[in-house]
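One letter stands for each residue in the lines below.
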Amino acid sequence: MAAAGDGPWLDDAAGRLVRPFTVSNGRTRPSVALDLMSQLMATGATPLGYLGPEQAQVLHLCRAPVSVAEVAAQLKLPAVVTKVLLSDLLDCGALTTKPPVFHHNPTDRALLEAVLDGLRRQL
């Protein structure tokens, strides 16, 4: 059973009661370069020291491979704050990462034109 202070500090009317950059101790630069599509997975190693509720939630989310963007969305934090948290867990060996795998060339002209055509049809 979780204690009252174990979850994200949210108020239904006010929203998040803790400023996002408080979660990362005011840091805005991760120690590891992460792409929003980079895949993360928990290693099973236990981090030393205090593990905040956000870090515990990250380790829970990363039991299976998950992207940086998905972790940020689940935490409801800005991507830069999430990247700082993730880099801390990568540095201590609790997470592992690999760059996104593309089965196509992401700058392929035909692919970009198809995306543009699809967007035009939506407008």
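Here's what I pulled together on the structure shown here. (Residues numbered from 1 in each chain as written. Predicted model: local features only at pLDDT ≥ 70, side-chain atom pairs only at ≥ 80, totals over all residues. Heavy atoms only, no water.)

Let's talk about the sheet that holds strand E3 (residues 39-42)
- The strand order across the open sheet formed by three strands is E4-E3-E5, and the pairing between neighbours is antiparallel. Since the sheet does not close on itself, it has two edges, and those belong to strand E4 (66-67) and strand E5 (95-98), each with one partner.
- Sheet topology note: the E3/E5 ladder contains four bridges and is antiparallel. Each residue of the ladder has a partner; that of Leu40, found in E5, is Thr97. (Pairing = 2+ DSSP bridges. Helix = DSSP H or I, 4+ residues; strand = E, 2+ residues; numbered from the N terminus.)

Points about the packing of helix H3 (residues 68-75) against helix H4 (residues 79-91)
- Where H3 contacts H4, the axes come no closer than 9 Å and their chain directions differ by 110°. On the basis of the axis angle, H3 is roughly perpendicular to H4. Contacts between H3 and H4 involve Val68, Val71, Ala72 and Leu75 on the former and, on the latter, Ala79, Thr82, Lys83, Leu85 and Leu86.
- Residue classes in the contact of H3 with H4 are distributed as seven nonpolar, one polar and one charged. (Axes fitted to C-alpha atoms, helices over the stretch in contact; angles between N-to-C directions. Parallel < 35°, antiparallel > 145°, perpendicular 65-115°, else oblique. Contact = heavy atoms within 4.5 Å. Nonpolar A, V, L, I, M, F, W, Y, C, P; charged D, E, K, R; others polar.)

Thoughts on the pairing of E3
- Relative to E4, E3 runs antiparallel, the two sharing two bridges. Residue pairing across strands places Gln39 opposite Ser67, the latter belonging to E4.

Considerations on the packing of helix H2 (residues 53-61) against H4
- Contact geometry of H2 with H4 gives a least axis separation of 10 Å together with a crossing angle of 70°. Between H2 and H4, the angle is such that the two are roughly perpendicular. In contact with Glu54, Gln55, Val58 and Leu59 of H2, H4 contributes Leu85, Leu86 and Leu89.
- When the residues that make up the contact of H2 with H4 are grouped by side-chain class, the tally is five nonpolar, one polar and one charged.

Let's talk about H3
- Listed as buried for H3 are Val68, Val71, Ala72 and Leu75. Axial view of H3: buried residues confined to an arc of 100°, hence all on one face.
- Directly after H3, the chain includes Lys76, whose backbone phi takes a positive value near 60°. (Buried < 20%, exposed > 50% of the residue type's maximum accessible area, 1.4 Å probe, protein only. Arc of directions from axis to C-beta.)

Function cannot be inferred from these measures alone, as they are strictly geometric.
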